[in-house]
Structure formats: C-alpha cells, structure tokens
Amino acid sequence: MTTGTPDYRDSGLEFPQDFLLGSATASYQIEGAVHEDGRGPSIWDTFSHTPGKITDDDNGDVACDHYHRWESDLDLMAELGLESYRFSIAWPRIQPTGRGPANEAGLAFYERLVDGLLARGIRPVATLYHWDLPQALEDEGGWANRATAEAFADYARIVGERLGDRIAVWTTLNEPWCSAYLGYGSGAHAPGLMDGAKALAAVHHLNLAHGLAVAALREVVTNDPGYSITLNLHVIRPSGETGDEAARRIDGLANRVFLGPLLGDGYPADVIADTAEVTDWSFVKPGDTDLIAQPIDLLGVNYYSTVTVRMWDGVSERVRADGHKDMGGTPWPGSEQVEFLEQPGPYTAMGWNIDPSGLEDLLLALHRAYPELPLMVTENGAAFDDVVTEGPHGPVVQDDDRIDYLRRHFTAAHRAMAQGVDLRGYQVWSLLDNFEWGYGYSKRFGIVRVDYETLERLPKASARWYAELIRSHRIPA
C-alpha cells in the first residue's frame, strides 16, 4: 500500500548505504572523435549525415568530445561523488567493421577510462551496445541478420578478455526495443528502415545476441561481476472499452517479447499470433530460446513516461502520441490499429508526461512477476529548456524543474523498495547534455550543461542536489 504525499514530493527518505547511486551516458552521444584511432563508421554516423533525419541536421562527430576530455569528466564525476558510472562501449572502436581482430587503440581508450574510474572509487557499469552498430554489419543486414548476433558474441569476448577483471556490472544491450522497432520499423532511429518483418527479426536477434554475449563473457571474465540487460519497459494505461485489448497488444510487443525469452518463458503465443501477417517467425531456430535465457544477476530498468492506449475505431484520425518521433513508419508491427492517446501533463521538453507513479507501478509489477530478480534503475531523467543566468560567482543553471522531476522519481523508487522491491541502485540520465539521437542537440537531459561552442562543462543546480543525495543517501529537503 503506497503511503506518502499524492504528488510524490516526500522528504527525508533514506536509501541503504549499499544502494548504488550514479549517472549514465552512451558512447555515440558524448564521445565524438568518430574518425580517430581506427574507429569505423557506425549506423548513427551514416544516419546522422543523411539530410533530414536529425533535427538541424546535427551529428555526433564532436558531440561532447568526451574521447579527449575523459579525464576531466572523470574528475567531475568524482567531484559530484558518483558511486557508479554507466557508460557504453562503441563497438566500431573495438572492431571497425564489426568483425576480426581488436583495434588496440579502441580497447586502450576504455581501459584508461575504467582504470580512471577505479582510481577515483567509482564503480564501472559497462554497456556493450547502446545502438552504434558498425555500418559494415548493417550493410550485411544488421540486426535483421542472425550473423550480427554471432558477431556480437565475438565482440563481447574481446572486451571481456581485456576488461573482465575490472567491470562491476556488465550490461549487454541498452533498450533493444528501440534498436529493433525504431531502427527497423518506424524509421526514427538508425538505420532508418520501415519494415515490420525486419523489426521483429531484429527483436529476436538482439535477444539472441544478449544470450550469446553473456555466455561469452562468462568464459573470459575473471572477477565476480553482475550480468544484466537494460530494457525500456512500457508502462501502459488502458482507456475505455477497448483499452484492455490495446494494452495486451502493446505489452506484448514492448515488454513480453523481451521478458519472456530473456527470463525463460519463451516468446508469447499471442504476440506471434498478432504478428502472423507480418512474419512467420522462422528466424527463431531450435534451441534459440535456451541460448537467450542465460541467468542474469540484475535487470536494468529505464523509465521516463507512460502511454495510454485504446483500439482505433478506423474512422476518426488515429492518435499516435506514443512519445516517439514520427518518421512515417510504425514501431508497432501487427498492431497499427492501436491508438496512443495524448497524456495529461505536465511534460518535459521531449513532450513526455511526468508521472512518477509509473515508475513505482513498473518496479512493483516486475517484482511480482520475478520476485527473485534484483532490479536497478539504469536511466531516469528529463530534458528541460534550461536557462543560463549570471550568478554572484559566474554562470548558473537553476534547473528546479529537473530537481523536482528527480525528487519525485526517487520517491517513487523508495516507495517501491518499501513494498519489498529488491532495487539495487539508480543511474540518473544523463551526466552530460549530449546528442539526443533524432533530436540532435535540441534537447538537454544533463545534470551538467555542455556549451556546444566551447565544450565547457557547467554543473547545474540538479548536479549539486544529486551530489547531496549521494553524500547523504537521503533525498534532500
């Protein structure tokens, strides 16, 4: 039973001392240096250089220049007191074409990064894949091609052999829902395809890649890390008489098609039936579900907002407010007749509704379904239209709306824990303002501002607020 203020603005809530508090980034969004030290092109290099795909035709060529500024960025993390740092490794830095021997310069960069984190007492949480597939693999079919999953296992083994004595938590994939459906279905993400059958094949091959990678890591890692995957599970609210059917369909495509095979239950029969006109699922080979269902130690949960659904009546204009950029395709193969209704506000700068109850509901639902599986919030945060003002000691960003957002979501996490959820930590998205995928540099999620002209870092008020939460393990008053 939830107790506390209805608006999730509780005060004085304390987290256990072993609750891991950190922040998160992704390689293509912050690193830049896309042509340096042997890095090969990724699908996001290609996509962002295709006119009309990204707001203002922005790209990640420079991004936050973290590749050159990593040491001062680590000093900033230490100054804020981060206990962990969730970063991703760029596959095309390790294998420029996605196959073959390791690129030593790429491995050396991440080795310096990890050693720098450890020297500052910050636990490394490494994500092997945050969407920057080597372009050469996409040219062979990308995630719609089974061979990409097999190549991913080889890549995981290479990274594990080099860093497998130092990583605290390995995450195989970040948000495979986005990689599959936004990349191959809706056209909103790289590689920008609009093919439902390829999107569903990508779902399976991403699941398979996870299982193969966990097995490969276990063969070479020498310390005792946690193994995980991070999912952006959808919190779905049904509306009206047809809401339950719409919610079933979207829950299948968004949540159960990953949770089922990953956690040993296989693919849901209703999803296969719903998508029968799109694909026959012949890409699932005998034994695949056993390969996918590798034991994991932790499930990463990314949460930002909720969706409300009902079935479309086929007459009125279909509402498509699912929170994703509309490029003409659909991320919902076989369920295009579902409507996504406008959510009640308030909203972030992304147009996403702010609803901390959704995080509490999600954590509780996962705990009830998988009571033995520990969870971690691996991303939560918000984009707002930050304003730089001049303070008595220089420029400041007084981002009270972001502080309020984080306060309410930390409260939601605390309430879930009070009801028995085994939640191990919380990684705020994002450490730095960065390249926000299809929106380029127009959206700022960071608790640290990046001036894209000078690349200067400026901790916002939210960074100082979060530093106090980390120091005390208590939500600041």
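Further up the page is the structure itself.
Now for a look at the structure at hand. Just so you know, these numbers come straight off a predicted model, no measurement behind them.

What follows concerns the packing of helix H3 (residues 66–80) against helix H5 (residues 104–119). In contact at an axis separation of 10 Å, H3 and H5 are set at 10° when each is read in the N-to-C sense. Viewed along their axes, H3 and H5 adopt a mutual orientation that is roughly parallel. Residues His66, Tyr67, Trp70, Leu74 and Met77 of H3 touch H5, and the partners they reach there are Ala105, Phe109, Arg112, Leu113, Gly116 and Leu117. Here the residues of the contact of H3 with H5 sort into eight nonpolar, two polar and one charged.

In this section: the packing of aromatic side chains. Evaluation of the coordinates by the stated rule reveals 35 aromatic pairs. Between Trp44 and Phe435 the ring centres are 6.4 Å apart and the planes differ by 80°, which places this aromatic pair in the edge-to-face class. Here Trp44 is found in helix H2 (residues 43–48), whereas its partner Phe435 is found in the loop between strand S13 (423–429) and strand S14 (448–450), with 391 residues between them in sequence. Trp44 sits in the buried class, given a relative accessible area of 1%. Plain terms: the ring middles of Phe435 and Trp437 are 6.4 Å apart, the flat faces sit at 75° to each other, and that makes the pair edge-to-face. Overall, Trp437 belongs to the buried group, its relative accessible area being 4%. Each residue in the set Tyr28, Trp44, Phe47, Trp131, Phe435, Trp437, Tyr441 and Tyr452 is aromatic and connected to the rest through ring pairs, giving one cluster. Positioned above the aromatic ring of Tyr439 is the side chain of Lys325, whose terminal nitrogen or guanidinium carbon lies 5.3 Å from the ring centre. Here the basic side chain of Arg415 rests over the ring of Tyr8, its NZ or CZ set 4.0 Å away from the ring centre.

Note on placement: Glu140 falls in the loop between helix H6 (135–138) and helix H7 (146–163). Residue Glu140 is classed as partly exposed on the basis of its relative accessible area of 43%.

The next thing to look at is the side chain of Arg39. Inspection of the secondary structure puts Arg39 in the loop between helix H1 (27–30) and H2. There is a polar contact of 2.9 Å between the side chain of Arg39 and the side chain of Asp45. Excluding residues within four positions of it along the chain, Arg39 makes contact with Tyr28, Ala33, Val34, Asp45, Pro92, Arg93 and Asn103.

Overall, mixed pairing links the three strands, which are arranged S6-S8-S9 in an open sheet. Each edge of the open sheet carries a strand with a single partner, namely strand S6 (235–238) and strand S9 (338–341). When strand polarity is set aside, the average angle formed by the axes of neighbouring strands in this sheet is 40°. Two strands pair when backbone bridges link them, and S6 and strand S8 (residues 306–311) are joined in this way by four bridges, in the parallel orientation. Bridge assignment links Val235 to a residue of S8, and that residue is Thr306. This element, helix H10 (residues 243–262), spans S6, S8 and S9 of the sheet and lies at about 125° to S8.

Calculation notes
- Residues numbered from 1 in each chain as written.
- Predicted model: local features only at pLDDT ≥ 70, side-chain atom pairs only at ≥ 80, totals over all residues.
- Heavy atoms only, no water.
- Axes fitted to C-alpha atoms, helices over the stretch in contact; angles between N-to-C directions.
- Helix = DSSP H or I, 4+ residues; strand = E, 2+ residues; numbered from the N terminus.
- Parallel < 35°, antiparallel > 145°, perpendicular 65-115°, else oblique.
- Contact = heavy atoms within 4.5 Å.
- Nonpolar A, V, L, I, M, F, W, Y, C, P; charged D, E, K, R; others polar.
- Phe/Tyr/Trp six-rings, centres within 6.5 Å; stacked < 30°, edge-to-face > 60°.
- Buried < 20%, exposed > 50% of the residue type's maximum accessible area, 1.4 Å probe, protein only.
- Lys NZ or Arg CZ within 6 Å of the ring centre and 35° of its normal.
- Polar contact = N/O pair within 3.5 Å; in protein donor to acceptor, adjacent residues only side chain to side chain.
- Pairing = 2+ DSSP bridges.

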